[in-house]
Amino acid sequence: DAGVTQSPTHLIKTRGQHVTLRCSPISGHKSVSWYQQVLGQGPQFIFQYYEKEERGRGNFPDRFSARQFPNYSSELNVNALLLGDSALYLCASTEGAEAFFGQGTRLTVV
Amino acid sequence: AQRVTQPEKLLSVFKGAPVELKCNYSYSGSPELFWYVQYSRQRLQLLLRHISRESIKGFTADLNKGETSFHLKKPFAQEEDSAMYYCAPDDQFYFGTGTSLTVIP
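Once a new chain begins, its residue numbering starts again from 1 and follows that chain's sequence as written. Chains and ligands are labelled sequentially in the order written, the chains with letters from A and the ligands with numbers from 1. In view of the model being predicted, local features appear only for residues whose pLDDT reaches at least 70, and side-chain atom pairs are presented and counted only at 80 or more, with totals across whole chains, interfaces and linings using the full set of residues. With hydrogens and water stripped out, all remaining heavy atoms of the structure feed into the side-chain values.

Enquirer: Teacher, can you tell me more about the interface of chain B and chain A here?
Expert: Interface size is commonly expressed as the accessible surface area that is lost when the partners come together. We call two residues in contact when some of their heavy atoms are within 4.5 Å. The partner chain A presents 19 residues to the 17 residues of chain B that form the contact. Between chain B and chain A, roughly 1,500 Å² of surface is buried when both sides are summed, and carbon and sulfur atoms account for 48% of that area. In terms of surface lost to chain A, no three residues of chain B exceed Arg43, Leu44 and Phe93 of chain B, which account for 42% of the buried area on that side. Criterion for a salt bridge: a side-chain nitrogen of Lys or Arg within 4 Å of a carboxyl oxygen of Asp or Glu. For the pair chain B and chain A, the number of links is 1 salt bridge. Two parts placed together each lose some accessible area under a 1.4 Å probe, and adding up what both lose gives the buried area.

As structure tokens, then:
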């Protein structure tokens with residue numbers, strides 16, 4: 001098993017554009033969470049999905065949305081990108097109590 | 001919401017010295033807390049959880065309900081322990097802000 005995989009690994013976007021980030025959980029894991037990690041800070045919780053239902057939402061604007069597919073993979077969408085959205089976006093899949101993290105997608109907004 | 005705080009952003013200790021990374025929680029009930037670690041250029045990974053009462057890589061963490069703390073301890077720090085350490089609550093939504101540990105040779 002490759003673990004949690006995220007794509008793309010790096011991305012550069014212009015202000016105002018839209019971005020879609022993808023995450024494939026570990027096989028058998030039904031829960032996926034998304035975090036934003038700005039340089040020098042801890043992961044900030046964005047969303048959690050379980051069995052395609054949203055189970056939790058952090059303090060992020062409506063420009064951020066996500067969904068989970070029948071195969072438990074997930075997408076994070078961000079509309080109307082701002083410079084401040086530049087960060088490492090982490091996906092984690094959860095089995096029981098432990099969260100397994102992907103390597104992240106480095107998003108740069110210019 | 002379940003919240004944890006890590007008061008130290010940076011911590012430096014000499015190799016062989018004891019190390020303690022602090023974490024305090026601010027919610028009631030019977031918390032299940034976690035420590036995650038991120039080594040340089042590696043993904044965030046679970047170090048230990050209090051409910052398992054394990055010692056991982058020489059680290060232990062005891063839940064102190066009286067002090068609402070879950071401090072991470074190691075009696076003799078090693079250079080390879082240098083990393084970012086994050087405390088996390090049960091739901092693992094709101095991680096702590098992290099402590100950067102540097103072990104000086």
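Enquirer: How should I be thinking about the environment of Gly66 of chain B in this particular structure?
Expert: All names here are of chain B. Along the polypeptide, Gly66 turns up in the loop between strand S7 (60-64) and strand S8 (69-74). Overall, Gly66 belongs to the exposed group, its relative accessible area being 75%. The spacing of Gly66 and Lys15 is 51 residues in sequence and 31 Å in space, taken between C-alpha atoms. Strands here mean DSSP runs of E at least two residues long; helices mean DSSP runs of H or I at least four residues long; both are numbered from the N terminus. Exposure classes here rest on a 1.4 Å probe applied to the protein chains alone. A residue is buried below 20% of its type maximum, exposed above 50%, and partly exposed in between.

Enquirer: Where do I start with the state of the cysteines in this structure?
Expert: Two cysteine sulfurs form what is called a disulfide whenever their separation falls within 2.5 Å. Summed over all chains, the structure comprises 2 disulfides over all chains. Each disulfide pairs two cysteine sulfurs, and for Cys23 of chain A the partner residue is Cys91 of chain A, the sulfurs being separated by 1.8 Å. Note on the Cys23 of chain A and Cys91 of chain A pair: the S-S dihedral is about -65°, so by sign convention the disulfide is left-handed. With a gap of 68 residues between them, Cys23 of chain A in strand S3 (residues 19-24) and Cys91 of chain A in strand S9 (residues 87-95) connect regions that are remote in the sequence. We classify Cys23 of chain A as buried; its relative accessible area is 2%. The buried category is assigned to Cys91 of chain A, whose relative accessible area is 0%. Bridging Cys23 of chain B to Cys87 of chain B, the disulfide has an S-S length of 1.9 Å. Judged by the torsion about the S-S bond (-60°), the Cys23 of chain B/Cys87 of chain B disulfide is left-handed.

Enquirer: Please clarify how the nonpolar core should be interpreted in this entry.
Expert: The tendency in soluble globular proteins is for nonpolar side chains to be buried as a group. Membership of the largest hydrophobic core comes to 24 residues, with the highest contact counts inside it found for Leu21, Trp35, Leu72 and Tyr85 of chain B. Elements represented by at least two residues in this core include exactly strand S2 (10-14), strand S3 (19-21), strand S5 (34-38), strand S6 (45-49), S8, strand S9 (83-88) and strand S10 (99-104) of chain B. Element by element, the count of residues in this core is highest for S9 of chain B, at 3 residues. The residues touching Tyr85 of chain B, leaving out its near neighbours within four places in the chain, are Gln6, Leu21, Trp35, Tyr36, Val37, Leu47, Phe59, Leu72, Gly98, Thr99 and Leu101 of chain B. Among buried residues, the Ala, Val, Leu, Ile, Met, Phe, Trp, Tyr and Cys ones that are joined through side-chain atoms within 4.5 Å form a nonpolar core. With 21 residues, the next largest nonpolar core counts Cys23, Phe47, Val78 and Tyr89 of chain A among its residues.

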